[in-house]
Amino acid sequence: MSRFALWRFASILMLLLYGLTAYAESGTGHWTDEVSIHGFLSQGYANTDKNNFLGSSKNGSFDFNEAGINASWSPANTVLLSAQLLYKRTGNAKPKGTQLDYAIADWRIVDSFDYGLGIRGGRLKNPYGFFNETRDVPATRPGILLPEGIYLEYLRELIHSSDSVAGYAHRDLGHGIVSFDALFGQPIINDNTVRSLLGGAPTNGSVDNERIGVARLGYENANGNWRLAVSHSLFRGDFKPAPGEQPAFQEGDILIDQTMLSVEFNWQKLHFVSEYQWRDIEYQGIFFGTDTLNEGIGFYGQLGYHISPEWYAYLRKEEVYLNKDDKDGVNHAISTGRPAHSAFAKNIVYGLRFQPTFEWTFGMEFHRVNGTVWLPDLENPNIAGQKQYWDMILLQAAYRF
Amino acid sequence: MLNQFFQFLRPAILFFAVTASIFALAENNHNDTSEKSRHPEVIVPEDLPYEALSLNQIRAIFSMRVRRWPDGSPITVMVLRDQNPIHKNFLKSTLQMLPHQLRRHWDRYIYSGIGQGPIVVTNQGEMLEKVRQTDGAIGYIEEGVPHEQVRALAIR
């Protein structure tokens, strides 16, 4: 499915490029002068006292890399074309190679100082929360990792991007800018996503007819010192188990309904950012023919201080619960046979970042974690042996241009 | 051992933050008196048919939110590197924004494909030359730098 979509969009993009090249060359200037190229590259290191995260981190792991390269070009005043290739290695997860991260045709219909309005199509980043759209670019994140409870890595494929159409608008109100984004399309999922969707269940089943809708309303004051946003996303897919597989799941729908409130303030050298998320995951008839609903909640708050333009120190508190009515995971343990602490995670992060130039970002973080909800089973296959309390040290060096 | 380390870390960070705040405040007061006289000016090519723009319009341009002049022709934004003191001063005293606010917008455009970043030039000489040569360009220079065939744009 994802390969098909990739080729479909690659060919659409090529057609657009050919057509518009001819158009642009009829005017003044050569189009190659107007293509801007950017990229990023990172190397991370993780060390944990118990449990493995981002590779075999109990012995120290360097298996955390992100690399991307993108190009954008405006063939006509109102049109912008852009595409990015992404390579990512996250611990022992099977590398997926280089992927088409986005490929976008953007048509800005209205573009004045007071209003802007446009539409986009292609492979788009979902407009969700403050950080989803640039989640793989280290310098744009509030720390080395995004808050895991909110920007859950194992649901990344579902929430991150989609082959879709979108509309956007913004208006300058004088005291600030209000913006709106809406998107509808098909998420990019693979076999691993299907298993993750079923809470790590060992299924070879498939998800078909998957679709996602995302909307975000934001406000930012005129000098950008504070901003607010509310985002909503709704995923729906039809799960079909593989014939004769054990345990016997049943055919049914999966729904993921997410709402997020985001807020960020800057006051002189102080910085505060926080997001709160409601995540409902509903399985309709898949487990024993009954409906299962997990009403999850998660939030984080980060207080940071810009010691100088280059140095930034921060303290972050994160909490996430699979089900708000079962915060300690007792019912979760009974119904799934997994440890109770796999239903939540509470952690505190101490971080320091050094950005000597635009290009370079160096970070270090200490995580003190209670709970394993976002701990990947892949790195810790002995599920009963996953430890509730664990600490992690992360280092990262990143370059961009 | 990690346990003890974390117990040590909390008061250490607190102490560090308080000390840094005091230094930062002292530094701020110092900067306010020394940089007041030299606000960078916004410059455009001489033939651009606009005399003055509001502060919010200038911000809309430099944050890359608006892509076209009111007549429909493209805007080309030129800036110095993030670390350049003139750039920092332009953000602080002309746009009255924090440096990372503008960068945040540019990053979202550049790395999610929904816009473009500004053109980065290395010095004021290159800034002057590129603004002069490019239709619909906009940039900035320090007040008092001699300039021909570019014009300062008033902020009303």
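Residues numbered from 1 in each chain as written. Chains lettered and ligands numbered in written order. Predicted model: local features only at pLDDT ≥ 70, side-chain atom pairs only at ≥ 80, totals over all residues.

S.K.: What exactly am I supposed to notice about the overall build of chain B here?
M.R.: The helix and strand inventory of chain B stands at five helices and seven strands. In chain B, which comprises 156 residues, the proportion classed as buried is 32%. Residue pairs in contact within chain B that sit at least 24 positions apart in sequence constitute 70% of those at least 6 positions apart. (Helix = DSSP H or I, 4+ residues; strand = E, 2+ residues; numbered from the N terminus. Buried ≥ 20, exposed ≤ 12 C-beta atoms within 10 Å, placed from the backbone. Contact = placed C-beta atoms within 7 Å.)

S.K.: What should I look at first to understand the overall build of chain A in this one?
M.R.: Check the secondary structure of chain A and you find four helices and 16 strands. Against the compact-globule benchmark of 21 Å for 401 residues, chain A has a radius of gyration of 22 Å, which places it among compact chains. Summarising its shape, the C-alpha atoms of chain A cover approximately 70 × 55 × 40 Å along the three principal directions. Summarising the internal contacts of chain A: among those between residues at least 6 apart in sequence, 58% fall at separations of at least 24. (Rg over C-alpha atoms; globule rule 2.2 N^0.38 Å.)

S.K.: So what exactly am I meant to see when it comes to the interface of chain B and chain A here?
M.R.: Note: interface size is frequently given as the accessible area lost on complex formation between the parts. Contacts between the two partners involve 36 residues from chain B, matched on the other side by 46 residues from chain A. Looking at the side of chain B that touches chain A, the elements that each hand over two or more residues are helix 1 (2–34), helix 2 (55–62) and helix 4 (99–112) of chain B.

S.K.: Explain helix 3 (residues 85–95) of chain B to me, please; I cannot follow it from the model alone.
M.R.: The α-helix advances 3.6 residues per turn, and as a result positions three or four apart in sequence lie on the same side. Residue and element names in this part refer to chain B. Here helix 3 has its buried residues at Phe-90, Leu-91 and Leu-95. For helix 3, the buried positions fall inside an angular range of 95° around the axis, keeping them on one side. Positive phi shows up at Gln-96, right after helix 3, with a value of about 55°. (Arc of directions from axis to C-beta.)

S.K.: What's the story with the pairing of strand 1 (residues 41–45) of chain B in this structure? I'm lost.
M.R.: Residue and element names in this part refer to chain B. Among the five residues of strand 1, four are classified as buried, and the element is accordingly described as predominantly covered. Examined bridge by bridge, strand 1 and strand 5 (residues 137–141) share three bridges and lie antiparallel to one another. Residue Glu-41 lies in a different strand from strand 5, and its bridge partner there is Ile-141. As defined by bridge partners, strand 1 adjoins strand 6 (residues 150–152) across three bridges and the pair is classed as antiparallel. The residue bridging Ile-43 from the neighbouring strand is Ala-152, located in strand 6. (Pairing = 2+ DSSP bridges.)

S.K.: Is there a simple way to think about the confidence of the model for chain B in this case?
M.R.: Detailed reading of the predicted coordinates is not advisable wherever pLDDT is low. Residues and elements named next belong to chain B. Confidence along chain B averages 83 in pLDDT terms, with 76% of residues attaining 70 or more. Under a pLDDT of 50 for its full length, residues 29–36 has, in the predicted model, two contacts with residues more than four places off or in other chains. The ipTM for the predicted assembly is 0.87, set against a pTM of 0.86. (pLDDT = per-residue confidence, 0-100.)

S.K.: What is the right way to look at the pairing of strand 7 (residues 176–187) of chain A in this model?
M.R.: Side-chain positions along a regular strand alternate between the two faces of the sheet. Residue and element names in this part refer to chain A. Across 11 bridges, the pairing between strand 6 (residues 161–172) and strand 7 is antiparallel. Along strand 7, the bridge assignment pairs Ser-164 with Gly-185. Linking strand 6 to strand 7, which pair antiparallel, is a turn of three residues; within it Gly-174 sits at a positive phi near 95°. Here 10 bridges tie strand 7 to strand 8 (residues 206–221), and the two strands are oriented antiparallel to one another. The residue bridging Val-178 from the neighbouring strand is Tyr-219, located in strand 8.

S.K.: How should the environment of Met127(B) be read in this particular structure?
M.R.: Residue and element names in this part refer to chain B. Along the chain, the position of Met-127 falls in helix 5 (residues 124–133). Between the C-alpha atoms of Met-127 and Ile-43, which are 84 residues apart in sequence, the distance is 9.4 Å. The residues touching Met-127, leaving out its near neighbours within four places in the chain, are Met-78, Leu-80, Val-121, Gly-139 and Ile-141.

S.K.: I would appreciate a short explanation of unusual backbone geometry in the present structure.
M.R.: A negative phi angle characterises most non-glycine residues, just as the trans form characterises most peptide bonds. Residue and element names in this part refer to chain B. The phi dihedral of Met-64 is positive, around 70°, even though this residue is not glycine. Checked against the element boundaries, Met-64 lands in the loop between helix 2 and strand 3 (76–80). One non-glycine residue, Gln-149, lies in positive phi territory at about 60°. Looking at the secondary structure, you find Gln-149 in the loop between strand 5 and strand 6.

S.K.: Looking at this structure, I do not really get the nonpolar core. What am I missing?
M.R.: Side chains that are nonpolar tend, in soluble globular proteins, to be buried together. Grouped together as the largest cluster of nonpolar side chains are 71 residues, with contacts concentrated most on Ile43(B), Val44(B), Ile61(B), Val77(B), Met78(B), Val131(B) and Ile138(B). Sequence-distant contacts of Ile61(B), that is, excluding residues within four places in its chain, are made with Val66(B), Ile75(B), Val77(B) and Ile138(B). Grouped together as the second largest cluster of nonpolar side chains are 24 residues, Phe64(A), Ile150(A), Tyr151(A) and Leu394(A) included. (Core = buried A, V, L, I, M, F, W, Y, C linked by C-beta atoms within 7 Å.)

S.K.: Is there a simple way to think about the sheet that holds strand 5 of chain B in this case?
M.R.: What holds strands together in a sheet is hydrogen bonding between their backbones, with the strands either parallel or antiparallel. Residue and element names in this part refer to chain B. One open sheet accounts for five strands, arranged 4-3-5-1-6; its pairing is mixed. The open sheet has two free edges, formed respectively by strand 4 (119–121) and strand 6, since each of these has just one partner strand. Averaged over all adjacent pairs, the angle separating strand axes in this sheet is 35°, with direction ignored. Helix 3 contacts strand 1, strand 3 and strand 5 of the sheet and is inclined by roughly 115° relative to strand 3. (Axes fitted to C-alpha atoms, helices over the stretch in contact; angles between N-to-C directions.)

S.K.: Is there a simple way to think about the environment of Val150(B) in this case?
M.R.: Residues and elements named next belong to chain B. By secondary structure assignment, the location of Val-150 is in strand 6. In this structure Val-150 comes out as buried when scored by C-beta crowding, with 23 C-beta atoms within 10 Å. Residues Val-150 and Val-44 lie 106 residues apart in sequence; the distance between their C-alpha atoms is 5.6 Å. If sequence neighbours within four positions are ignored, Val-150 has contacts with Ile-43, Val-44, Pro-45, Glu-46, Leu-128, Val-131 and Arg-132.

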